[in-house]
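Read off the chains here:
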Amino acid sequence: MERLDELIFRALSEDAPFGDITTEAIIPENAQGSAIMVAKQEGVICGLRIAAKVFALLDSETKLEAKVGEGEKVGVGKVIAEVKGKLKAILIGERTALNFVQRLSGIATLTSKFVDKVAPYGVKIADTRKTTPLYRALEKYAVRCGGGVNHRFSLSDGVLIKDNHIRAAGSLTEAVRRVRARVHHLLRIEVEAQSLAQVEEALECNVDAILLDNFSLDEIRNAVQIVREWSQRTGKPRPLLEVSGGIDLENVEAVAQTGIDIISVGALTHSAKALDISLEIE
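Residues numbered from 1 in each chain as written. Predicted model: local features only at pLDDT ≥ 70, side-chain atom pairs only at ≥ 80, totals over all residues. Heavy atoms only, no water.

## What to know about the layout of surface pockets
Short version of the rule: Buriedness for pockets is judged along seven lines, at least five of which must meet protein on both sides within 12 Å for an open set on the 1 Å grid over protein atoms alone, while cavities are sets there where a 1.4 Å probe fits but cannot get out, and lining residues have an atom within 4 Å of a point. Grid points are joined across faces, edges and corners, and a volume is the space filled by probe spheres set on the points. Strands are runs of DSSP state E lasting at least 2 residues, helices are runs of H or I lasting at least 4, and numbering of each runs from the N terminus. Only Asp, Glu, Lys and Arg are considered charged in this grouping, and only Ala, Val, Leu, Ile, Met, Phe, Trp, Tyr, Cys and Pro are considered nonpolar; every other residue, Gly among them, is considered polar.
Of the pockets and cavities examined, the largest pocket occupies roughly 520 Å³. With five residues, the single largest contributor to the lining of the largest pocket is helix α1 (residues 2-15). Looking at the lining of the largest pocket residue by residue, the classes come out as eleven nonpolar, two polar and six charged. Estimated volume of the second largest pocket: approximately 380 Å³. Lining the second largest pocket are 22 residues; nearest its centre among them are T128, K130, K162, S244 and S264.

As structure tokens, then:
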């Protein structure tokens, strides 16, 4: 909560570093008022709690009342919140509050579209670490509001051996060996594979998860078959299969049909378009 307050204070300071010249010239100090927040597009709403905090930090008596729940889908023209209190606080906080809600609702909306595409296949949509600096916790929260799941929050959360780690170690096998010699037994190990040969090598290393990076559809199908046959042959549970790279709304359903478990999509946070939302004084 303290970090969120700090982030909001910085955003408010960015927008009004020496006050709001226009509002302070027009609005009397103690004038009261109200405003509604209206969705101008269909989408999934996220961030009203943060918006409420924006107004509260400007004036403790200015309150935002959410009219919809976090993660709720709304139509055009839906009133999603009402703000009541000091008119100066409403006007000064307007853009900062909207920036948070529009950005997070855009992420939640895009995530929801991906989730809907793969829902029939039992596949999860996950985010990545491709987030706006310092906004990661909020953006990953928005992904959850859209029905997605979170991948690692940070490099400290779990082991993911990527292509550059493998190059630095000399081989996938050596990279896994070094990790196992260093980390505790409760951490799962995921390895990024860039070829079917690396999928087979990862299986021999008994990793917990394999990330198929930038595989074609045919390569994904082949990888799924290789993993299934390995599991049947060895009697060991198969590792979780994740796909990433080049995923969009046009191909995500076809990828989900291949038999993988998770599809991670960087676009959820780095390419989501802000949802059009306005704040109107009543």
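## Let's talk about the sheet that holds strand β6 (residues 124-126)
Definition in use: For two strands to count as paired, DSSP must find a minimum of two bridges between them. All axes here are fitted lines through C-alpha atoms, helices being fitted over the stretch that makes contact, and every angle between N-to-C directions spans 0 to 180 degrees. Should any heavy atoms of two residues lie within 4.5 Å, those residues are considered in contact.
Pairing within the open sheet is parallel, and its six strands lie in the order β6-β11-β10-β9-β8-β7. The open sheet has two edge strands, β6 and β7 (159-161), and neither has a second partner. Within the sheet, the average angular offset between the axes of one strand and its neighbour, ignoring direction, is 25 degrees. Inspection of the sheet shows β6 paired to strand β11 (residues 262-264) by three bridges, in the parallel sense. Paired with K124 across the bridge in β11 is I262. The sheet contacts of helix α8 (residues 196-204) involve β8 (189-193) and β9 (209-213), and relative to β9 the element is tilted by about 170 degrees.

## Quick word on the sheet that holds strand β3 (residues 63-66)
Strand order in the open sheet formed by four strands is β3-β5-β1-β12, and the pairing between neighbours is antiparallel. The strands lining the two open edges of the sheet, one partner per strand, are β3 and β12 (277-281). Each strand axis lies, on average, 20 degrees off the axis of its neighbour in the sheet, ignoring direction. The pairing of strand β1 (residues 32-39) with β12 spans five bridges and is classified as antiparallel. Bridge pairing in β12 places I36 opposite E280. Against the sheet, helix α3 (residues 48-58) touches β1, β3, β5 (79-86) and β12, its axis set at about 165 degrees to β3.

## Examining the pattern of salt bridges
Applicable threshold: One side-chain nitrogen of Lys or Arg within 4 Å of one carboxyl oxygen of Asp or Glu is enough to make a salt bridge.
For the coordinates displayed, the defined rule picks out 16 salt bridges. Two residues, E174 and R177, come together in a salt bridge whose shortest N-O distance is 2.8 Å. Of this pair, E174 and R177 both sit in helix α7 (residues 172-182), separated by three residues, roughly a single helical turn. Residues joined in a network through salt bridges with shared partners are E65, K67, E82 and K84.

## As for the packing of α1 against helix α4 (residues 87-118)
Using the following cut-off: Throughout this description, any angle smaller than 35 degrees is read as roughly parallel, any larger than 145 degrees as roughly antiparallel, any in the 65 to 115 degree range as roughly perpendicular, and the remainder as oblique. Handedness of a crossing is defined here by the sense of rotation of the near helix relative to the far one, left-handed for an anticlockwise turn of less than a right angle and right-handed for a clockwise turn.
Two numbers describe how α1 lies on α4: the axes approach to 10 Å, and their chain directions differ by 125 degrees. Our classification of the angle between α1 and α4 gives oblique. Pair α1 / α4 crosses with right-handed handedness. Packed against α1, whose contacting residues are L7, I8, A11, L12 and D15, the element α4 presents I92, G93, R95, T96 and F100 at the interface. Residue classes in the contact of α1 with α4 are distributed as six nonpolar, two polar and two charged.

## Digging into the environment of K273
Following the sequence through the fold, K273 ends up in the loop between α11 (267-270) and β12. For the pair K273 and L134, spaced 139 residues apart in sequence, the C-alpha separation works out to 19 Å.

## As for helix α9 (residues 217-234)
For the record, the criterion: Under the convention used throughout, the expected extent of a helix is 1.5 Å for every residue step, that is, one less than its residue count. Classification of residues uses two cut-offs on accessible area relative to the type maximum, computed with a 1.4 Å probe and protein chains only: under 20% is buried, over 50% is exposed, and between them is partly exposed. Read the arc as the range of directions from the helix axis to the C-beta atoms.
With 18 residues, α9 ought to run about 26 Å at 1.5 Å a step, and its terminal C-alpha atoms sit 26 Å apart, in line with that. Of all the residues in α9, the buried ones are I220, A223, V224, I226, V227, W230 and S231. Within α9, the buried residues cover an arc of 160 degrees as seen down the axis, which keeps them to one side. Exposed residues on α9 whose side chains face more than 90 degrees from its buried face are D218, Q232 and R233. Positive phi shows up at G235, right after α9, with a value of about 75 degrees.

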